Amino acid sequence: MTTASPLSPAAIRKAEEDSPKLRARDLADRLGISEAQLVAARIGQGATRIAAHPDRLMPAAELLGEVMALTRVEGCVHEKVGRYANYHPGPHAAMVLTEEIDLRIFPSQWVHAYAVETAREDGPPRRSLQVFDAAGDAVHKIHMRATSAHEAWEDVVAALALPDQSEGQTVEPRKPVEAARTNPDKLDILRAEWSRLTDTHQFLRLCSKLKMNRLGAYRTAGEPFARPLAPEAVNTMLEQIQARGVEVMVFVGNRGCIQIHSGPIRSLKPMGPWQNVMDPGFNLHLRLDKVAEVWVADKPTQRGPAVSVEAFDAEGGLIFQIFGRRTEDRDWRPDWQDLVAGLESLREPAE
């Protein structure tokens, strides 16, 4: 069942004009609407409804030159600067694979999309392609920069524009975050099959077979497979990654898109509850107060152990995963393993 916005497009635009410094997501929450409905109130006035499927959108994004890719979840925003290229389509999962922009895309969640243009006095208009799921929550955004190919913008929008350019957007109810699903009766099978993993991608299939999810499997398996850390271990970890120059892979993903950074973390700038990575080409904005559980997960692979630190919010939603940077022939890095071992002093008793 879909529902329309309780506010008229004119009322939404007025609220946006009255709160120019409030982020779109925060304003939408304040108004009791989805972010897609906030954007759709501007159709014909700076927003254009466009094709959402990545098979249409990703090739078009390649024409925009250097841009900023943004993927977020509650409590964490992941931003990478680069060019879209090397798109691999797929009915259930697709990929963008470049050195800078590395995405795993789930097309079924790419439901609504808009090209958004906002005038400003001190330079070219702010321009972005914004994708949302059926509930109107942001899946992925592509923000143009001063160095982007602005001359291609109008042609890209015209090629992607849909026939329906009416104001407003109906959305489906938001699906709640799945809480931890454990299955203690399957503990022995979980541990036995976990120890026989040969690739990290096999893990979620194992969870599904045993009627668990990721967090539930961690809680069920326990040591040595999964080890709980205190929430404050997250900030210590980021500081150690920066101080030691360890190259890592930082995964942030929602239902529709996972975005990955591979490389070091050079600059940390805390601000209130936020810890911020502010590197050239990579920004991460993390709400430390949203971190409720942290786990070290150790998964065997054919290329050596893949060790991750993973943070979850109070509802059980995955905030991020960090691994040592992988190569084609190995999933382990001694410097990352040493860093994680040092975090073990920040243990939290498992429930």
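As a reminder, the structure under discussion sits directly above these lines.
Bear in mind the structure is a predicted one, so any value in this text is a computation, not a measurement.

Here is what the cut-offs are and how they apply
- All residue numbers refer to positions counted from 1 along the written sequence of the respective chain.
- Totals for whole chains, interfaces and linings use all residues, but because this is a predicted model, local features are given only for residues with pLDDT of at least 70 and pairs of side-chain atoms are given and counted only at 80 or more.
- Hydrogen atoms and water are omitted, and side-chain values are computed over all heavy atoms in the structure.
- Helix and strand assignments follow DSSP, with helices taken as H or I runs no shorter than four residues and strands as E runs no shorter than two, numbered in order from the N terminus.
- Buried residues are those whose accessible area, probed at 1.4 Å on protein chains only, stays under 20% of the maximum for their type, while exposed residues exceed 50% and partly exposed ones sit between those limits.
- Note on contacts: a residue pair qualifies if any of its non-hydrogen atoms lie within 4.5 Å across the two residues.
- Under this definition, polar contacts are N or O atom pairs within 3.5 Å; protein pairs additionally need one hydrogen-donor-capable and one acceptor-capable atom, and for neighbouring residues in sequence, both atoms have to be side-chain atoms.
- By this rule, a helix spans an expected 1.5 Å times one less than how many residues it contains.
- Directions from the helix axis toward the C-beta atoms define the arc.
- Here an angle of 0 to 180 degrees is reported between the N-to-C directions of two axes, which are lines fitted to C-alpha atoms, with helices fitted over the stretch in contact.
- Throughout this description, any angle smaller than 35 degrees is read as roughly parallel, any larger than 145 degrees as roughly antiparallel, any in the 65 to 115 degree range as roughly perpendicular, and the remainder as oblique.
- Under the scheme applied, nonpolar residues are Ala, Val, Leu, Ile, Met, Phe, Trp, Tyr, Cys and Pro; charged residues are Asp, Glu, Lys and Arg; polar residues are all the others, including Gly.
- Nonpolar cores were defined as sets of buried Ala, Val, Leu, Ile, Met, Phe, Trp, Tyr and Cys residues, with membership established by side-chain atoms within 4.5 Å.
- In this description, strands pair whenever DSSP reports at least two bridges between them.
- Here, a salt bridge means any side-chain nitrogen of Lys or Arg that lies within 4 Å of a carboxyl oxygen of Asp or Glu.
- Pairs were defined over the aromatic rings of Phe, Tyr and Trp, the Trp ring being its six-membered one, requiring ring centres within 6.5 Å. Orientation was assigned from the angle between planes: stacked under 30 degrees, edge-to-face over 60, tilted for the rest.
- Lysine NZ or arginine CZ positioned within 6 Å of the ring centre and within 35 degrees of the ring normal marks a charge as sitting over the ring.

## Some words on the environment of aspartate 102
Tracing the backbone through its elements, the reader meets aspartate 102 in strand E6 (residues 102-105). Residue classification places aspartate 102 among the buried positions, given a relative accessible area of 12%. Along the primary structure aspartate 102 and phenylalanine 251 are separated by 149 residues, whereas in three dimensions their C-alpha atoms are 9.8 Å apart. Setting aside residues no more than four positions away along its own chain, aspartate 102 makes contact with Val96, Leu97, Ile258, Gln259 and Ile260. A distance of 2.5 Å separates a polar atom in the side chain of aspartate 102 from a polar atom in the side chain of arginine 104.

## Focus on helix H9 (residues 233-244)
Along an α-helix, residues three or four positions apart point the same way, because every turn accommodates 3.6 residues. Between its first and last C-alpha, H9 extends 16 Å over 12 residues, near the 16 Å set by a 1.5 Å rise per residue. Buried within H9 we find Ala233, Val234, Met237, Leu238 and Ile241. The arc that holds every buried residue of H9, seen down its axis, measures 140 degrees, which confines them to one face. At the C-terminal side of H9, glycine 245 shows a positive phi close to 70 degrees.

## Section: the packing of helix H7 (residues 202-209) against helix H8 (residues 214-221)
Between H7 and H8, whose axes approach to 10 Å, the crossing angle comes to 80 degrees. With respect to each other, H7 and H8 are oriented roughly perpendicular. Contacts between H7 and H8 involve Phe203, Leu204 and Cys207 from the first element and Arg214, Ala217 and Tyr218 from the second. A class-by-class count of the residues in the contact of H7 with H8 yields five nonpolar, no polar and one charged.

## Let's talk about the nonpolar core
Counting 31 residues, the largest nonpolar core has Met237, Phe320, Ile322 and Trp336 as the members making the most contacts within it. Elements represented by at least two residues in this core include exactly H9, strand E11 (248-253), strand E14 (282-287), strand E15 (293-299), strand E16 (306-312), strand E17 (318-324) and helix H10 (334-343). Element by element, the count of residues in this core is highest for H9, at five residues. With residues up to four places along the chain from it excluded, the contact list for methionine 237 reads Val309, Phe320, Ile322, Trp336, Leu339 and Leu343.

## Considerations on the environment of arginine 227
Mapped onto the secondary structure, arginine 227 falls in strand E10 (residues 226-229). Between the C-alpha atom of arginine 227 and that of tryptophan 295, which follows or precedes it by 68 residues, the distance is 5.5 Å. Setting aside chain neighbours within four positions, we find arginine 227 in contact with Val294, Trp295, Val296, Asp298, Glu344 and Arg347. Among the polar contacts made by the side chain of arginine 227, one reaches the side chain of glutamate 344 at a distance of 2.9 Å.

## Section: the sheet that holds strand E13 (residues 274-279)
Judged by pairing direction, the sheet is antiparallel, and its eight strands sit side by side in the order E1-E7-E8-E9-E2-E3-E14-E13 without closing on themselves. Each having just a single partner strand, strand E1 (47-49) and E13 make up the two edges of the open sheet. Taking the axes of each pair of neighbouring strands and ignoring which way they run, one obtains an average angle of 15 degrees across the sheet. Note: strand E8 (residues 126-132) against strand E9 (residues 138-144), five bridges, orientation antiparallel. Note on E9: the bridge partner recorded for valine 131 is histidine 140.

## Digging into the pattern of salt bridges
Under the definition given, this model contains 22 salt bridges. Across the pair glutamate 74 and lysine 290 runs a salt bridge whose closest N-O atoms are separated by 3.6 Å. Of this pair, glutamate 74 sits in the loop between strand E2 (67-73) and strand E3 (76-82) while lysine 290 sits in the loop between E14 and E15, placing them 216 residues apart in sequence. What you see here is one network of salt bridges that share partners, running through Arg25, Glu74 and Lys290.

## Notes on the packing of aromatic side chains
For the structure on display, the rule yields eight aromatic pairs. A centroid spacing of 5.2 Å and a plane angle of 45 degrees characterise the contact between tryptophan 194 and phenylalanine 225, whose relative ring orientation is tilted. With tryptophan 194 in helix H6 (residues 187-194) and phenylalanine 225 in the loop between H8 and E10, the pair connects residues that are 31 residues apart, well separated along the chain. With respect to class, tryptophan 194 is no different from phenylalanine 225; both count as buried. Ring centres 6.3 Å apart and planes at 80 degrees place the aromatic pair tyrosine 218 and phenylalanine 312 in the edge-to-face group. Taken together, the residues tyrosine 218 in helix H8 and phenylalanine 312 in strand E16 connect sequence positions 94 residues apart. Taking relative accessible area as the criterion, phenylalanine 312 reaches 1% and is therefore assigned buried. Cluster of aromatic residues (ring-pair linked, three or more members): Trp194, Phe203, Tyr218, Phe225, Trp295 and Phe312. The ring of phenylalanine 203 carries lysine 299 above its face, with NZ or CZ at 4.6 Å from the centroid. Sitting above the plane of the phenylalanine 323 ring, arginine 326 keeps its charged end 4.3 Å from the centroid.

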